[in-house]
Amino acid sequence: MKTFRRAAILAAALLSATAMSRAASAGETTIGIAVPNLASSFWISAVYGMEAEAKTAHVTIIKLNAGGDANTSQQISQIQDLIQRKVDAIVVGATNGDGVKAIVERAIAAGIPVVGISSPPNTPKLASVVSADHYGMGKLQAQCLAKAIGGKGNVAMMAGPSGQAWSDRRALGFKETLAAEAPAVKIVAESRLADNRNAALSTAEDWTQRFPDLAGVYAATDDMAAGIVSAFKEAGTPVHVSASNFSPTAQQMLKDGDIACTSIQEVVVQGRDALQQAVNAATKKQVEPQVVTPALLVTRDNMATVDLSSAVAPADYRP
């Protein structure tokens, strides 16, 4: 297995090197892209948006996948590789905002502008930060879940990985909104897991035993919500679930009535915006320091009217 992994990494590096060589020979602008996990529905859609914008802007991109939210050391190595290849700019969705700060600032010091997307590196030196209104997404989930459970009862939070701005802001929006608007709803458990369905399933299975009177569960993403739904279905315990993002998984769960709602962000648009800001920074054009896309709430009743092209990559897209 280790031999296979080393071979895969080497092959990816060779492909990146080939792409970079072609870009340099053609005099094209080359943008490096470093994201936490291309198994995640969010990052698939974000990278789809970046690829679409790269075609429009006629630039070359080098995509690097850390392989998971916990793989900060891998992402650091990948950003170091992009620095050595002297790309013109880098778009970074951080595995851990503090963990990649030093290497990102090294890139900036080397004259390579860096744009943060969704979970930006924790440094004020970024050329631009592109994100959704994550606090607003958590707020919408709190309002939805409180309504679903009748404004009172115990809930738990599958709050997503710590150290990532998107999960921290969503969790804060959820907590503060409940405190202000639904004080009879009590948060009895909070887990800060990676965005992983299997991990969410395991934790939710434990919750079905520890909290038999649980009325609702907040899920930071729809992938985590899928694990929660599976656990409570298996236990035969009804529970209301709110989620975020709008992958095909979330769409199906809404249709089936397995989740009450999902707060949605325009992920494809974020990818496009991030790539556009990176190209502008690389070519010395005007850069917007902050780009924020609005939060929306999707329910079973209104999902037919949502423009999915701005939020989700086509079903047949593979990054």
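Residues numbered from 1 in each chain as written. Predicted model: local features only at pLDDT ≥ 70, side-chain atom pairs only at ≥ 80, totals over all residues. Heavy atoms only, no water.

1. Focus: the sheet that holds strand β6 (residues 153-158)
Right, so step 1: With mixed pairing, the six strands of this open sheet are ordered in space as β7-β6-β8-β9-β10-β12. Since the sheet does not close on itself, it has two edges, and those belong to β7 (185-191) and β12 (296-298), each with one partner. Adjacent strand axes in the sheet meet at a mean angle of 20° when their direction is disregarded.
Right, so step 2: In the sheet, β6 pairs with strand β8 (residues 214-219) via five bridges, with the strands oriented parallel. Considered in β8, the bridge of V155 is made with G216. (Pairing = 2+ DSSP bridges. Helix = DSSP H or I, 4+ residues; strand = E, 2+ residues; numbered from the N terminus. Axes fitted to C-alpha atoms, helices over the stretch in contact; angles between N-to-C directions.)

2. What about the packing of aromatic side chains?
Right, so step 1: Tallied over the full model, the rule gives three aromatic pairs.
Right, so step 2: With centroids separated by 5.0 Å and ring planes inclined at 70°, the aromatic side chains of Y48 and Y317 adopt a geometry described as edge-to-face. One end of the pair, Y48, is in helix α2 (residues 41-57); the other, Y317, is in the segment after β12, with 269 residues separating them in the sequence.
Right, so step 3: On the basis of relative accessibility, which here comes to 26%, the residue Y48 falls in the partly exposed class.
Right, so step 4: Where F174 meets Y218, the ring centres are 4.5 Å apart and the plane angle is 40°; that geometry is what we call tilted. Pair noted here: F174 is in helix α6 (residues 165-181) and Y218 is in strand β8, with a separation of 44 residues, a long-range link. The pair formed by F174 and Y218 is uniform in burial state, with each residue classed as buried. (Phe/Tyr/Trp six-rings, centres within 6.5 Å; stacked < 30°, edge-to-face > 60°. Buried < 20%, exposed > 50% of the residue type's maximum accessible area, 1.4 Å probe, protein only.)

3. Remarks on the pattern of salt bridges
Right, so step 1: One pass over the structure, following the stated rule, counts eight salt bridges.
Right, so step 2: Linking E190 and R192 is a salt bridge whose minimum nitrogen-to-oxygen distance equals 3.9 Å. (Salt bridge = Lys/Arg side-chain N within 4 Å of Asp/Glu carboxyl O.)

4. Structural notes on the nonpolar core
Right, so step 1: Ranked by size, the top nonpolar core spans 46 residues in total, and within it M158, L178, W207, I228, F232, F246 and I259 carry the most contacts.
Right, so step 2: It is helix α8 (residues 222-235) that contributes the most residues to this core, seven residues altogether.
Right, so step 3: Once residues within four sequence positions are removed from consideration, W207 is found in contact with A156, M157, M158, A189, S191, V217 and F232. (Core = buried A, V, L, I, M, F, W, Y, C linked by side-chain atoms within 4.5 Å. Contact = heavy atoms within 4.5 Å.)

5. Description of the UniProt feature "domain: Periplasmic binding protein" (unreviewed entry) in the chain
Right, so step 1: The feature "domain: Periplasmic binding protein" (unreviewed entry), as annotated in UniProt, sits at residues 31-285 in this numbering.
Right, so step 2: Annotation note: span residues 31-285, helix share 49%, strand share 20%, distance between end C-alpha atoms 15 Å. (UniProt positions renumbered as here; feature names shortened; annotations may be inferred.)

6. Some details on the state of the cysteines
Right, so step 1: Under the defined criterion, the tally for this structure stands at one disulfide.
Right, so step 2: Two residues share a disulfide in this structure: C144 and C261, whose sulfurs sit 2.1 Å from each other. Disulfide C144 to C261: torsion about the S-S bond roughly -120°, handedness left-handed. One end of the pair, C144, is in helix α5 (residues 134-148); the other, C261, is in strand β10 (residues 261-264), with 117 residues separating them in the sequence.
Right, so step 3: Look at C144 and you get buried, because its relative accessible area is 12%.
Right, so step 4: C261 gets classed as buried once you look at its relative accessible area, which sits at 0%. (Disulfide = S-S within 2.5 Å.)

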